[in-house]
Amino acid sequence: MEDMKPSVTTSNNTNGDAIEARFTALCKNGLSLDEKTCIEAMKLFKETRHLLSSNVSAIGSGTLEETERFWFSFVLYSLKRLSEKNGENAQKGSDESGFTLCQILRVARLNIVDFFKELPQFVVKAGPVLSNMYGEDWEARLEAKEMQANFVHLSLLSKSYKRAFWELFLTSDANIDKQQNATSASDYVSEYHRFGWLLFLALRVHAFSRFKDLVTCTNGFVSVLAILIIHVPIRIRNFKISDSPRFVRKGDKGVDLLASLCNMYDASEDDLRKTMEMANKLIEDILKKKPCSASECKTETLENIDTDGLIYFEGLMEEQSLSSSLNILEKDYDDAIHNKGDLDERVFINEEDSLLGSGSLSGGAVNVTGIKRKFESIASPSKTISSPLSPYRSPVSHANGVFGTPNAKIAATPVSTAMTTAKWLRTVICPLPSKPSAELRRFLSSCDKDVTNDVIRRSHIILEAIFPSNHERSVTGSLQSANLMDNMWMEQRRLEALKLYYRVLEAMCTAEAQILHAPNLTSLLTNERFHRCMLACSAELVLATHKTATMLFPTVLDRTGITAFDLSKVIESFIRHEESLPRELRRHLNSLEERLLESMVWDKGSSLYNSLIVARPALSAEINRLGLLAEPMPSLDAIAMHINFSGGMPTVATLQKHETSSGNVGSSILGQNGDVRSPKRLCTDYRSVLVERNSFTSPVKDRLLAFSNLKKAPLQSAFASPTRPNPGGGGETCAETGINIFFSKINKLAAVRINGMVERLQLTQQIRESVYCLFQRTLSQRTSLFLNRHIDQIILCCFYVVSKISQLHLTFREIICNYRKQPQCKPQVFCSVFVDPSSARRNGRTGQDHVDIITFYNEIFIPAVKPLLVELGPAGTTARTSRIPEANNNNDGPCPGSPKVAPFPSLPDMSPKKVSATHNVYVSPLRTSKMDALISHSSRSYYACVGESTRAFQSPSKDLTAINNHLNGTRKIRGALNFDDVDVSLVSDSMVANSLYLQNGSCASSSGAPLKSEQPES
């Protein structure tokens, strides 16, 4: 069998010395680092140089020169983040080693998009080295995922700010005093734009502190817009405030400016007023401007505006003052980021294309390199539909100086979607009481023992652990103010999560009582694990609503002591029992469930293994030998004690030290109620952050909700001790029932992914059935192959072995190349597969516990599944299997009688649905909000909107006929609808998927062997 990519090495000493020389030159000449920092950088580089040598083809375009530059930037970024966190640079102030990420990328000639796209490769490969040098918590201190999320948020906010600014203010000198020349006028207007962004950055640095979530930051730039409207000269305005219907009048006092902006951006007026107060305070403190009540000022910029509660700064926007203010704000921001190594957020206003990258961020993950791709230049759904990071907004009319219309259709953007979701939290959840309702108290008191106080105490402890307050009282000045802001933010999030928890818990209790025909729910309501899962799910939804870049999943798991398998049990019920949950949050939970099922539940330390050893005793020896069993879950008292002692967030190690329930620790694998605890997840679980925390992307619409049609069981049985008999009867234990339901979900998810690969590879339905059949049998009879692995690794191997048995000319390279185009792809799936170290030693490899997928296939997969292959096809299958590599048969043990393999399941309709195997043609239900985007004049893609034509006085049938004629015709006419000419760039499948909100992982083609840009199917 062929290899996926050649091995590129640079082990030659001469080449190694040359690379070190180039790295030294970059440090000394490019960044002007001092001697000590250069020595530290070289030490880290030497420790990871062998990884550079073995991963040349897996990074960037696959050339040694480009891979070097990436590796140099990764090493320096890691050094900056990790060494300063050790305290070495904490007290240095403005010294020579104060370099930022943007400075690193400039000297390495890289852009931010490419850097974040390739960084996960370094994090996975160099993780052990970084752990040895900087401690086990290096990944949390590196903050790579958080910084990537921050970059994406800033990309969104800068586009929203720029669009809003150009709608409000002139972009030309048409209405500016004719005495000013065009050049100075243009510069003058851009200075207002720059001032607004710098003031917004000052808010992020000084007011928002650690929790720079998207909703809070949107309130920040809206408050900046209000300050600009009040202060920017009226001649620069692009609207007449007295005539615009988008500005709400307040009786005879004039326009209520803040209420109008809140209406435009779905913001909270209370939150906006608080943010305005912070912004005004910064203008007063940093720019030394004297505030005065707007009601006492007579200026044309305040005409027709209700001035109650507004602050005005005299001369703030005068030409001489503006220039000085810009310099002060620049210096203040320089001082704030100099020693942090953070991203310089001014790049978004400077429009440094070379640094931002000419590629785009789409689908919640960095998936296009900085190299200009052929298909980027033509119109596509990702350009015309409001795609995740290239938001489209229909043009707003400025005719006669009227700023928009009250009923103007505006395509949704990620920022507007986030604000709409936050509005649900604010209007539906926040008004609820912060204590159990009368109905919920009835259920709690109907247990064998009244558990009301227990539920209230637990909720406060767990939510305090997830959203910890900073109890430091010795700090003063700006740090004290920042801590106060942190605590206010945390308190608000705790209350929101608490109210959501009580609301959904009541609905679940009502449903469970109906199933059991009894109000006594003692088994469920006294289960510690169940309540923690509910609290974690509530907190995760609150974090997802606010788009918090600093508390990404799986933060809620780590701080509550539950595992991925635990959380997967409540997601479906949570969605079902909160009917008002916005679609974006449903998508987030669906995406989360998919991620849990594909890999996280199989991680070391998952409570899945506690159930597996009961339901599948044959696996017990293997699970124990690999050390996969979970540790006991920290007790509630241990978490409470840690919070009181440290005033901070609990960590796994410290919580384990405080665990006092020694009665079931050590000899027993099961804690109270079967509770267990997962150790800290390894860095191999690194995932593109926007897939984790981005409602802008989603899996196939409610894909996993189809799992709700699987076997139903009372919720309390899902959380009962694995060895306990199932209350539903049938002679099964709760573990067996839970594992059967879990395996059904895994099979359903695998069916979705197998179907997608079959369509992409244009294989027959018989191949699809065979691959699915083999996957089912492998899960049921060779479950050990899934331990500590990703289900896609098994799916890919199933595809290859079935292709060999069926004598298809399908190489592993082709399978991997097409898998890269799948929305859930991440390179670690085929680059880093877990193998048992003892197995590696038997095959002549030492000290290696992760291999590429081809090695895994040859050495592990085939020997394990070979007995199952006989059942795949008709007579003669056994003979054909002789082509497969031979090895010792490492079966799990005696193969029990397996249940009948189910046929390929019926899948929910995908949206968009590909309707042509040979053309990029999709069908998708059309939402009204997307109509303007689809039929805009800038769109060169061709759409048929059934029920409403894309052309005036033309029936939809003519649109469909035009598409059919182009698809069926043989003439190749270069134009907007040429689907066949290879010379004309086409819209890729993945781009369509991204633009229509399908889930997208880190599936950039730059990972692994270098690939050409995606070509049209033929």
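Residues numbered from 1 in each chain as written. Predicted model: local features only at pLDDT ≥ 70, side-chain atom pairs only at ≥ 80, totals over all residues. Heavy atoms only, no water.

### Section: the environment of His850
Inference 1: The topology assignment puts His850 in strand E6 (residues 850–851).
Inference 2: On the basis of relative accessible area, His850 is assigned to the partly exposed category, the value being 24%.
Inference 3: Between the C-alpha atom of His850 and that of Pro837, which follows or precedes it by 13 residues, the distance is 8.7 Å. (Helix = DSSP H or I, 4+ residues; strand = E, 2+ residues; numbered from the N terminus. Buried < 20%, exposed > 50% of the residue type's maximum accessible area, 1.4 Å probe, protein only.)

### What to know about the confidence of the model for the protein
Close inspection of predicted coordinates is inappropriate in any region flagged by low pLDDT.
Inference 1: Chain-level pLDDT for the protein is 74 on average; 66% of the residues reach the 70-or-more range.
Inference 2: Across residues 936–941 the pLDDT falls below 50, and counting only partners more than four positions away or on other chains, this stretch makes 14 contacts in the model. (pLDDT = per-residue confidence, 0-100. Contact = heavy atoms within 4.5 Å.)

### Here we look at helix H26 (residues 608–615)
Note on helix geometry: an α-helix contains 3.6 residues per turn, so any two residues three or four positions apart are oriented the same way.
Inference 1: A large share of H26 lies buried, amounting to 7 of its 8 residues.
Inference 2: Buried within H26 are the following residues: Leu608, Tyr609, Asn610, Ser611, Leu612, Ile613 and Ala615.

### Quick notes on unusual backbone geometry
Inference 1: For the bond from Phe553 to Pro554, the omega torsion is 15°, close enough to zero to count as cis.
Inference 2: Topologically, Pro554 is positioned in the loop between helix H21 (528–546) and helix H22 (555–560).
Inference 3: Positioned with a positive phi, Lys288 is a non-glycine residue whose angle comes to about 60°.
Inference 4: Relative to the assigned elements, Lys288 resides in the loop between helix H11 (269–286) and strand E1 (291–293).
Inference 5: The phi torsion at Asn304 lies on the positive side, around 65°, for a residue other than glycine.
Inference 6: Position of Asn304 relative to the elements: it lies in the loop between E1 and strand E2 (311–313).
Inference 7: We classify Asn304 as partly exposed; its relative accessible area is 38%.

### So, helix H4 (residues 101–108)
Inference 1: Listed as buried for H4 are Leu101, Cys102, Ile104, Leu105 and Ala108. Each buried residue of H4 sits inside an arc of 160° when the element is viewed along its axis, so together they form one side.
Inference 2: Two residues or fewer past H4, Arg109 is found with a positive phi of approximately 55°. (Arc of directions from axis to C-beta.)

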